[in-house]
Amino acid sequence: MAAIREAQVITPAEAYSKLITGNKRFVYGNPRYGHDVNLAAATASGQQPHSLVLGCIDSRVPLEAIFDQSFGSICVARSGAHVLDRSLIGSAGFAVASLGVSLVVVVGHKRCGAVNATVQALREGTVSDDEVGYLVEQLAPAVREVGLDDEDAAEKAIRAHVIRTTERLRKVETIAEPIAAGKLNVVGAIYDLDSGWVEFLS
C-alpha cells in the first residue's frame, strides 16, 4: 500500500509543531514513521520538505529518527558539531530558496566529541593545522565565550555554538529575506543523548 504524501507545510510555526510532536512520539516510543521502502518509493518523484535540520555527524543522533519524520519531510545536512562552511551554507540557501522549507533547525547534542576535543586542544595549546584543526578553529569562539576555566566549558560551549550558528545563518541573504517576510524561522536546539528529548532554544 503506497503512502499518502503529506501536503507541504507552509508556515514556520507548523513546521516547528511537526518536529516537536515528532520528538514526543520518538521519546514515548510511539514513532509513526519507519524505514519502509514503500514510503521511500512514494516520495521518489518529488519532495516537499517542511524543514532543514543541520546537525552533527555523531552516529547517536539520527535526525530523521529523533524527530520521527518520514521520507521527504525534512532535509538533513551534517558536519562535525554542525560547523558551517560554504557547502553547508549553500545547502541551507538551496533548501530555503529552491525546496521551500519554512524552518531551519540547528541541532547540537550533549557530550559532543568535537566540542570536547576543542576544549582539550585549547587548554593544552595543541591546535593542529589539518582538517580536524579546522573544526577546532571554528568551535573555538564558542569555547572562549564560556571560558576555558569553566569546569562545564564543553557543555556550555555546545549551547553557545548552537546559538552562534543560528545567528550566523540568520544573516545569510537567502535566509534573512524570507525571515523578514515571515516565511522562515531559524531556531537552535540541543539533543539529550540519554532521554531522547530535544530542547529548543529559540
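Up top is the structure.
This structure is a prediction, so every number in the text was calculated from the model and none was measured.

Conventions used here
- Residues numbered from 1 in each chain as written.
- Predicted model: local features only at pLDDT ≥ 70, side-chain atom pairs only at ≥ 80, totals over all residues.
- Heavy atoms only, no water.
- Buried < 20%, exposed > 50% of the residue type's maximum accessible area, 1.4 Å probe, protein only.
- Helix = DSSP H or I, 4+ residues; strand = E, 2+ residues; numbered from the N terminus.
- Pairing = 2+ DSSP bridges.
- Core = buried A, V, L, I, M, F, W, Y, C linked by side-chain atoms within 4.5 Å.
- Contact = heavy atoms within 4.5 Å.

Asks: Could you give an account of the pairing of strand β4 (residues 185–191), with specific residues and numbers?
Replies: In terms of burial, β4 is largely enclosed, as six of its seven residues are buried. Across three bridges, β4 lies against strand β5 (residues 198–200) in antiparallel orientation. By the bridge assignment, A189 is partnered in β5 with F200. The hairpin turn running from β4 into β5, its antiparallel successor, is six residues long, and G196 in that turn takes a positive phi close to 90°.

Asks: I'd like a description of the nonpolar core, backed by residues and values.
Replies: Counting 35 residues, the largest nonpolar core has L52, L54, V104, V115, L169 and I175 as the members making the most contacts within it. The set of elements that each furnish at least two residues to this core consists of β1 (51–56), β2 (74–79), α4 (86–97), β3 (103–109), α5 (113–124), α6 (131–146), α7 (153–170) and β4. Discounting chain neighbours no more than four positions away, the residues touching V104 are L52, L54, V96, L169, L184, N185, V186 and V187. With 17 residues, the next largest nonpolar core counts V61, L103, V198 and F200 among its residues.

Asks: So what's going on with the environment of G188? Which residues, and what values?
Replies: The topology assignment puts G188 in strand β4. Residue class for G188 comes out buried when judged on its relative accessible area of 2%. Considering only alpha carbons, one finds G188 and L54, 134 residues apart in sequence, at a separation of 9.4 Å.

Asks: Go over unusual backbone geometry, please, and point to the residues and values.
Replies: Glycine aside, negative phi is the norm for most residues, and most peptide bonds take the trans geometry. Notably, D68 is not glycine yet its phi reads approximately 45°, a positive angle. If you trace the backbone, D68 turns up in the loop between α3 (63–66) and β2. By relative accessible area, D68 is classed as buried at 3%. Non-glycine residue A81 carries a positive phi angle of around 55°. You can see A81 is positioned in the loop between β2 and α4.

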